[in-house]
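What follows is the residue order along each chain.
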Amino acid sequence: MDAVLVVNADLGPLHRVTVQHAIRMLCRRVAEIHEAEPDQLIGVFPMPRVVRLVRYVVTRWRFTAGPAWSRGGVLRRDGRRCAYCDAPASTIDHILPRSRGGRNTWRNTTAACYECNQRKSDRTPAEAGMPLRREPVTPGWAALAGR
């Protein structure tokens, strides 16, 4: 187990931390174990899967503009599947190529396999004759945290 989910006092998901960080939170008593691995201990603490904060933390920032764009976020949003052929994806493709002013935004990028990314090159999907199987969307916080 490499990551522990941290949830707010109202059980809303916040982020993930390492097991070591979660144990430090337990020692400082800012969190308590909400869910643990059965029959596994770290010192006196059960191995945590989910820790819940003792006090509610205001997360107004989570409901403003949504998560910032990232390569990993695009791959996670698209389920690591190519938007052109549905094969496993490992690269990011710009729908409007960067050479033509396309930017790193949620609605202009999609996951693509290496072959489709090379074949499309610096053309739009219409110019390359490669229609998108799904339209890219701006994900919410829950969509990125839930996978």
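Labelled according to an unreviewed UniProt entry, the protein chain appears under the name HNH endonuclease, originating from Micromonospora mangrovi.

J.: Which parts of the structure should I look at to understand the sheet that holds strand 2 (residues 13-17)?
T.: Strands in a sheet are paired, the pairing made by backbone hydrogen bonds, and the direction either parallel or antiparallel. Across the sheet, which stays open at both edges, the four strands sit in the order 2-1-4-3 with mixed pairing between neighbours. At either end of the open sheet lies a strand with only one pairing partner, and these are strand 2 and strand 3 (31-42). Pairwise comparison of adjacent strand axes, ignoring direction, gives a mean angle of 25 degrees for this sheet. Across four bridges, the pairing between strand 1 (residues 4-7) and strand 2 is antiparallel. When the bridges of strand 2 are listed, Val-7 appears paired with Pro-13. Each of strand 1, strand 2, strand 3 and strand 4 (45-53) is contacted by helix 1 (residues 19-27), which is oriented at about 75 degrees to strand 4, the strand it contacts most.

J.: Sorry, what's going on with the pairing of strand 4 here?
T.: Where strand 1 and strand 4 come together, three bridges link them in parallel fashion. Residue pairing across strands places Leu-5 opposite Val-50, the latter belonging to strand 4. Where strand 3 meets strand 4, seven bridges bridge the pair, whose relative direction is antiparallel. Residue Ala-31 lies in a different strand from strand 4, and its bridge partner there is Leu-53. Between strand 3 and strand 4, which pair antiparallel one after the other, the connecting turn spans two residues, and Gly-43 there sits at a positive phi close to 65 degrees.

J.: Looking at this model, I keep getting lost on the environment of Trp-69. Mind explaining?
T.: Mapped onto the elements, Trp-69 comes out in the loop between strand 4 and helix 2 (71-77). Taking relative accessible area as the criterion, Trp-69 reaches 23% and is therefore assigned partly exposed. In this structure, Trp-69 is in contact with Val-74, Ile-92, Asn-104, Thr-105, Trp-106 and Thr-109, ignoring residues within four places of it in sequence. In this structure the side chain of Trp-69 is engaged in a polar contact, spanning 3.5 Å, whose partner is the backbone oxygen of Thr-105.

J.: Would you explain unusual backbone geometry in this entry?
T.: Both trends apply: most residues other than glycine have a negative phi, and most peptide bonds are in trans. The backbone of Asp-39 sits at a positive phi, close to 60 degrees, despite the residue not being glycine. Taking the relative accessible area as the measure of exposure, Asp-39 reaches 81% and is therefore exposed. A positive phi is found at Arg-80, a non-glycine position, where the angle reads about 55 degrees. For Arg-80, a relative accessible area of 48% puts it in the partly exposed group.

J.: When you look at the state of the cysteines in this model, what are you seeing that I'm missing?
T.: One way to say it: the disulfide is the covalent bond shared by the sulfur atoms of two cysteines. Taken as a whole and assessed by the stated rule, the structure comprises zero disulfides. You can see Cys-85 has no disulfide; the closest cysteine sulfur is in Cys-116, sitting 3.6 Å from it. Under the relative-accessibility criterion, Cys-85 is labelled partly exposed at 33%. No disulfide involves Cys-116; its nearest neighbouring cysteine sulfur is the one of Cys-113, lying 3.5 Å away.

Reading the values: the criteria
Residues numbered from 1 in each chain as written. Predicted model: local features only at pLDDT ≥ 70, side-chain atom pairs only at ≥ 80, totals over all residues. Heavy atoms only, no water. Pairing = 2+ DSSP bridges. Helix = DSSP H or I, 4+ residues; strand = E, 2+ residues; numbered from the N terminus. Axes fitted to C-alpha atoms, helices over the stretch in contact; angles between N-to-C directions. Contact = heavy atoms within 4.5 Å. Buried < 20%, exposed > 50% of the residue type's maximum accessible area, 1.4 Å probe, protein only. Polar contact = N/O pair within 3.5 Å; in protein donor to acceptor, adjacent residues only side chain to side chain. Disulfide = S-S within 2.5 Å.

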